[in-house]
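Examination of the molecular architecture
One-letter residues, chain by chain:
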Amino acid sequence: MNSTRRLALAASAIALPMLVFAGTLVGVLDRDRERQAEAAVRTVAQDGLAAVEAELAAELATLQALASTPGLARSQPEPFIAYANRMLALRPGWCAVILFDSDGTVQAQAGREGQVQAPILPAPEQPRISSLFQPSECGDGPGIALDIAIGRQGQQLRAVVRPAVLAGGLEEIAAPTGWVVGLLDKDQQILARLPNPEKYIGRSISPSLATRLHEMATSGRQADFFYTASQATGENMAVAMLRGDRSGWWVIAAAPAATLEEPQLRFRLTMLAAGGISIAMVLVLALAFGHTTARRREAELALARLRGEKREEKRLTEVASNLPGIIYRRVRHPDGSVTYPYLSAAAAPLLGVSVQPGGLSGEDMEKLILPEERALWAAELDRSARLLLPYRVEARIRRPDGSIRWLRSGASARALGDGSIIWDGVAIDITDLKEAEGALRTQQHMLTVAMRSGRLMLWSVDLETDGVTCAPELANLFGLSHLEQPFPVHHIFDRIVPEEREAIQADYEAAAREGGDYQHEFRVLDTGDGPRWLAVSAQADTTPDGRPLRMVGVTRDITARKKAQARQELLMREVDHRAKNVLAVVQSLVRLTRADSQQAFVAAVEGRVSALARAHALLARNKWKGASLRALAEEALAPYLGADALDRTRLTGPSLDVGPDATQAVGMIFHELATNAAKYGALATPSGRVAVDWEIVAGDLHLIWRESGGPPVQPPAGRGFGSQMIDANVRMQLRGRLEMQWHTDGLLCHIVLPLAALTGTAPD
């Protein structure tokens, strides 16, 4: 008995440490297997997220390639729509491609047309992925919107795709039977689920999972692992959740806890029954099994990534074959070196170089860029790498054959864990575009020169909004330079003189309604420089269905022309009036002139008619504005003086312009005085002198005609026609006074004329 007891105690003493050791070992291995189970669930979630992110990168690269379609930068969407329709035909998972202006207006749309369903937000700096929405451009199902910015003008390009396009990679995940893998958008809607994907798309997750996701988002965590009860079956599930950096979507992998715990329970019983040796063997086997499992999962993950890269490369190749440019991948490695490991088939003819299977080095590519363009190129790439933002740059390259080509290159940047930066992008040849832009600039310059030379001012009216856009000079002429353009067209009509406004506006509205020509000349109200005359010529355009579109025209300031026409008309009336007056005067001269002989009569009439002609010649030279007093005196004296005119005459007095109505009378006064001096006075002898002095006193002209050095003068016995002519012009036509003094050495004639009658204006 004692021996038996001692044996039992000895056995117990030996077995107890072994059991304690085995139990401890079982606990350690249980925790290790729990970590392995958690790692397995996390690995499935990581595989799913990697597959989704790879699909998303491929779709965004395709959309980025479409963004480089020629025509977008010139607001010519037809080439873009053609490429987009070709892409939609190749990718049945794409429903629509839409181009938005900076204000959200649809510029172009390919695929299913109709009202835009997803919200239109400002252009994103980074690609933007929407949540699931329905109704959508996909018609019979929900859609997802992928948005990217185009350039720096606020435009954006959107692709609407079916959820199955981005969730297709989940089908290749090697998840064990009974496991569930799901994809959620940012609004926690189910985008995909394995198994039974069609049953769950668009549904919301359970409240408990929603609470977990909210806690993770609040804390900033990107991953979580926990156990929870299934809402459908009540079964306890091990759940791993991961959130994608690019999309913001969630991948959830769930495994029944029983399938993870059952091996652990069997393992415990076996270990407890087998004892220390069995525990050791099982431990070795477990460690070997765990290592093998980890290596297998790593191999599966690497295979999934390789498949994703192959799919991405295949899709890039498909896109590249349908676009007029180079699809490329640029890599900046941690050591700073740059390579282009992938270049599409279009690279060789566009760059003019031979592209090896491994691509090109950064040095080979940099050699192609013109030296003066390299700094800009490098600055854009550095900014993109530093901020992980897309870049877009235009630069010239010199191909090996010496030809210069323009390239536009754009790409999106992303960072890898090892510090590398990868750009996936597209480069297109825009040489023809640049040449067209240069020709357009030349034409615009020529148009500007022509417009300025012709004093033409361009304007247009949007007939749908009645908004006016015009040259600044035209706005200034209308007194509307303070308004921001486009401004309502009624402001233009408000500035037209009231008596012409109604007819002008009626003709404009008729032209806008019927799409015809519009031409008018009209006056605008005084803006400080006096009323202006404007001539407008325009044409209204309508859409094919007859809807008014716009009116484009030019306006010219014709104020100077109108004033010239008015002056010409006034001049013609003045000439007509003067001609009638001259004829009347000539008739009077002929009728009243007396002479002793026919020759004397002819000479007298010719002299007086010549005086009239000289006065009219002075008026004509001054555009019928009058003549200077000095010029009238010189014209009257000229026929009677020779080379010594300066020695025999003196004209002294201030500058004074005689009005057109008084010119004829003053000219006749000087003529009669000069004729009398030539016949009987100072100009009848070589030694005779004539002095004409005038001054202005108290609003009157005082003019003194003084002769000297001629033959002795006697007062006339009576008044001849010449004296009567002088007296009539002074007293009756010019309302002045006349005094003649017949001194022995010569005549002195003192004439006083009111300035108002002489100049035709009131005195100062």
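This text gives an overview of the structure that appears in the document. (Residues numbered from 1 in each chain as written. Predicted model: local features only at pLDDT ≥ 70, side-chain atom pairs only at ≥ 80, totals over all residues. Heavy atoms only, no water.)

Points about the overall build of the protein
Spelled out, the test is: Think of it this way: any DSSP run of H or I at least four residues long counts as a helix, any run of E at least two long counts as a strand, and we number them from the N terminus. Under the scheme applied here, a residue whose accessible area is under 20% of the maximum for its type counts as buried, over 50% as exposed, and between as partly exposed, the area being computed with a 1.4 Å probe on protein chains only. Contacts are residue-level and defined by heavy atoms, with any inter-residue pair within 4.5 Å sufficient. The protein chains shown are the only cover counted for residues, whose accessible areas, like all others here, come from Shrake-Rupley with a 1.4 Å probe.
Helix and strand content of the protein: 20 helices and 29 strands. Buried positions account for 43% of the 764 residues belonging to the protein. Long-range contacts, defined here as pairs at least 24 residues apart, represent 54% of the contacts in the protein between residues at least 6 apart. As displayed, the protein offers around 40,000 Å² of accessible surface, 55% of which is attributable to carbon and sulfur atoms.

Regarding the sheet that holds strand 3 (residues 128-129)
Just so we agree on the cut-off: Whether two strands pair comes down to DSSP finding at least two bridges between them.
Pairing is antiparallel across the open sheet formed by 5 strands, whose spatial order is 2-1-5-4-3. The sheet is open, and its two borders are formed by strand 2 (106-111) and strand 3, each paired with just one other strand. Relative to strand 5 (residues 155-161), strand 1 (residues 94-100) runs antiparallel, the two sharing 6 bridges. Bridge pairing in strand 5 links Val-97 to Ala-159.

Let's talk about the packing of aromatic side chains
Our working definition: Centres within 6.5 Å are what make two rings of Phe, Tyr or Trp a pair, Trp counting through its six-membered ring; a difference in plane orientation under 30 degrees is then read as stacked, over 60 as edge-to-face, and the rest as tilted. Any Lys NZ or Arg CZ that is within 6 Å of a ring centre and within 35 degrees of that ring's normal is treated as a charge sitting over the ring.
On inspection of all chains with the given rule, the structure shows 4 aromatic pairs. Arranged with centres 5.9 Å apart and planes meeting at 80°, the rings of Tyr-508 and Tyr-518 form a pair that is edge-to-face. Of this pair, Tyr-508 sits in helix 13 (residues 498-514) while Tyr-518 sits in strand 20 (residues 517-524); the two residues are 10 residues apart in sequence, bridging distant segments of the chain. Looking at Tyr-518, the relative accessible area reads 5%, which means it is buried. On the basis of an interplanar angle of 35° and a centroid distance of 6.4 Å, the ring pair of Phe-670 and Trp-705 is categorised as tilted. Pair noted here: Phe-670 is in helix 18 (residues 660-680) and Trp-705 is in strand 27 (residues 700-708), with a separation of 35 residues, a long-range link. Judged by its relative accessible area of 2%, Phe-670 falls in the buried class. When its relative accessible area of 1% is taken as the criterion, Trp-705 is described as buried. Directly above the ring of Trp-423 sits Arg-330, whose terminal nitrogen or CZ lies 4.9 Å from the centroid. Lying over the aromatic face of Trp-406, Lys-434 brings its terminal NZ or CZ to 4.6 Å of the ring centre.

Structural notes on the nonpolar core
The cut-off we apply is this: The set of buried Ala, Val, Leu, Ile, Met, Phe, Trp, Tyr and Cys residues whose side-chain atoms join them within 4.5 Å is what this entry labels a nonpolar core.
In this structure, Trp-94, Val-97, Ile-144, Leu-146, Leu-157, Leu-183 and Trp-249 are the most contacted members of the largest nonpolar core, which totals 46 residues. The dominant element in this core, judged by the number of residues it contributes, is helix 1 (residues 2-67), at 11 residues. Excluding its chain neighbours within four sequence positions, the residues that come into contact with Leu-157 are Leu-63, Leu-66, Ala-67, Phe-80, Val-97, Ile-98, Leu-99, Leu-146, Asp-147, Ile-148 and Ile-150.

Thoughts on the sheet that holds strand 13 (residues 360-361)
The cut-off we apply is this: Lines fitted to C-alpha atoms define the axes, with helix axes restricted to the stretch in contact, and inter-axis angles between N-to-C directions lie between 0 and 180 degrees.
Here we have 6 strands laid out as an open sheet, ordered 13-12-11-16-15-14, and antiparallel in their pairing. For this open sheet the edge positions go to strand 13 and strand 14 (391-398), each flanked by a neighbour on one side alone. Each of strand 11 (325-332), strand 14, strand 15 (404-415) and strand 16 (421-429) touches helix 9 (residues 371-387); the most contacted strand, strand 14, lies at about 155° to it.

Concerning the pairing of strand 16
Across the 9 residues of strand 16, 8 count as buried, placing the element largely inside the fold. Sheet topology places strand 11 next to strand 16; 8 bridges connect them, and they run antiparallel. Opposite Tyr-328, over in strand 16, you have Gly-425 as the bridge partner. With 9 bridges joining them, strand 15 and strand 16 adopt antiparallel strand pairing.

Examining the pattern of salt bridges
Condition: Salt bridges are defined as contacts in which a side-chain nitrogen from Lys or Arg sits within 4 Å of a carboxyl oxygen from Asp or Glu.
Going through the model one piece at a time under the given rule, you end up with 18 salt bridges. Between Asp-147 and Arg-128 there is a salt bridge, and its shortest N-O distance comes to 3.2 Å. Note that Asp-147 is positioned in strand 4 (residues 144-150) and Arg-128 in strand 3, a separation of 19 residues in sequence. Summarising the burial analysis for this pair, Asp-147 and Arg-128 share the class buried. Its salt-bridge partner being Asp-693, residue Arg-650 comes within 2.8 Å of it at the nearest N-O pair. Taken together, the residues Arg-650 in strand 24 (residues 649-652) and Asp-693 in strand 26 (residues 689-697) connect sequence positions 43 residues apart.

Quick word on the pairing of strand 12 (residues 338-343)
Across 4 bridges, the pairing between strand 11 and strand 12 is antiparallel. Counterpart to Arg-332 in the pairing with strand 12 is Val-338. Note: strand 12 against strand 13, 2 bridges, orientation antiparallel. Each residue of the ladder has a partner; that of Tyr-340, found in strand 13, is Leu-360.

Regarding unusual backbone geometry
Here the amide bond leading from Gln-134 into Pro-135 is cis, since omega sits at 5°, within 30 degrees of zero. Of note, Pro-135 is situated in the loop between strand 3 and strand 4. With omega at -5°, the peptide bond leading from Gln-485 into Pro-486 counts as cis. Mapped onto the fold, Pro-486 is located in the loop between helix 11 (472-477) and strand 19 (487-488). A positive phi angle, close to 55°, is found at Leu-388, a residue other than glycine. Following the sequence through the fold, Leu-388 ends up in the loop between helix 9 and strand 14.

Remarks on the state of the cysteines
Any covalent bond linking the sulfur atoms of two cysteines counts as a disulfide. Let me state the cut-off plainly: We call a pair of cysteine sulfur atoms a disulfide when they lie within 2.5 Å.
Applying the stated criterion to the full structure yields 1 disulfide. Each sulfur of the disulfide joining Cys-95 and Cys-138 lies 2.0 Å from the other. Taking the sign of the S-S torsion, 100° for the link of Cys-95 and Cys-138, the bridge is right-handed. Of this pair, Cys-95 sits in strand 1 while Cys-138 sits in the loop between strand 3 and strand 4, placing them 43 residues apart in sequence. Comparing Cys-95 with Cys-138, the two get one shared label, buried.

Side note on helix 13
The following threshold applies: Expected helix span is given by 1.5 Å per residue-to-residue step, counting one fewer step than there are residues.
Between its first and last C-alpha, helix 13 extends 25 Å over 17 residues, near the 24 Å set by a 1.5 Å rise per residue. Looking at the packing, one finds that the buried side of helix 13 touches strand 17 (456-462), helix 12 (490-494), strand 20, strand 21 (532-542) and strand 22 (548-557). The positive-phi residue at the C-terminal boundary of helix 13 is Gly-515, with phi of around 75°.

So, helix 2 (residues 78-90)
To keep it simple, the criterion reads: By definition, the arc is the one covered by directions from the helix axis to the C-beta atoms.
In this model, helix 2 (13 residues) spans 19 Å end to end at C-alpha, consistent with the 18 Å of a helix rising 1.5 Å per residue. Along helix 2, the residues classified as buried are Phe-80, Tyr-83, Ala-84, Met-87 and Leu-88. Looking down the long axis of helix 2, one finds its buried residues gathered within 140° of arc, a one-sided arrangement. More than 90 degrees from the buried face of helix 2, the exposed residues found are Glu-78 and Ala-89.

Focus on the packing of helix 16 (residues 629-637) against helix 18
Spelled out, the test is: Just so you know how the angles are binned, under 35 degrees is roughly parallel, over 145 roughly antiparallel, 65 to 115 roughly perpendicular, and the rest oblique. Put simply, a crossing is left-handed when the front helix is turned counterclockwise from the back one by less than a right angle, and right-handed when it is turned clockwise. Each residue gets one of three labels, nonpolar for Ala, Val, Leu, Ile, Met, Phe, Trp, Tyr, Cys and Pro, charged for Asp, Glu, Lys and Arg, and polar for the others, Gly among them.
Two elements in contact, helix 16 and helix 18, have axes whose closest approach is 8 Å; the angle formed by their N-to-C orientations is 40°. By the angle between their directions, the pair helix 16 and helix 18 is classed as oblique. Two packed elements cross with a definite hand, and for helix 16 against helix 18 that hand is right-handed. Each of Leu-629, Leu-632, Ala-633, Ala-636 and Leu-637 in helix 16 lies in contact with helix 18, whose residues at this interface are Thr-663, Val-666, Gly-667, Phe-670, His-671 and Ala-674. Across the contact of helix 16 with helix 18, the residue classes break down as 8 nonpolar, 3 polar and no charged.

Let's talk about the environment of Ala-633
Topologically, Ala-633 is positioned in helix 16. Sequence separation between Ala-633 and Met-668 is 35 residues, and the spatial gap between their C-alpha atoms is 10.0 Å. Setting aside anything within four residues of it in sequence, one finds Ala-633 in contact with Leu-651 and Phe-670.

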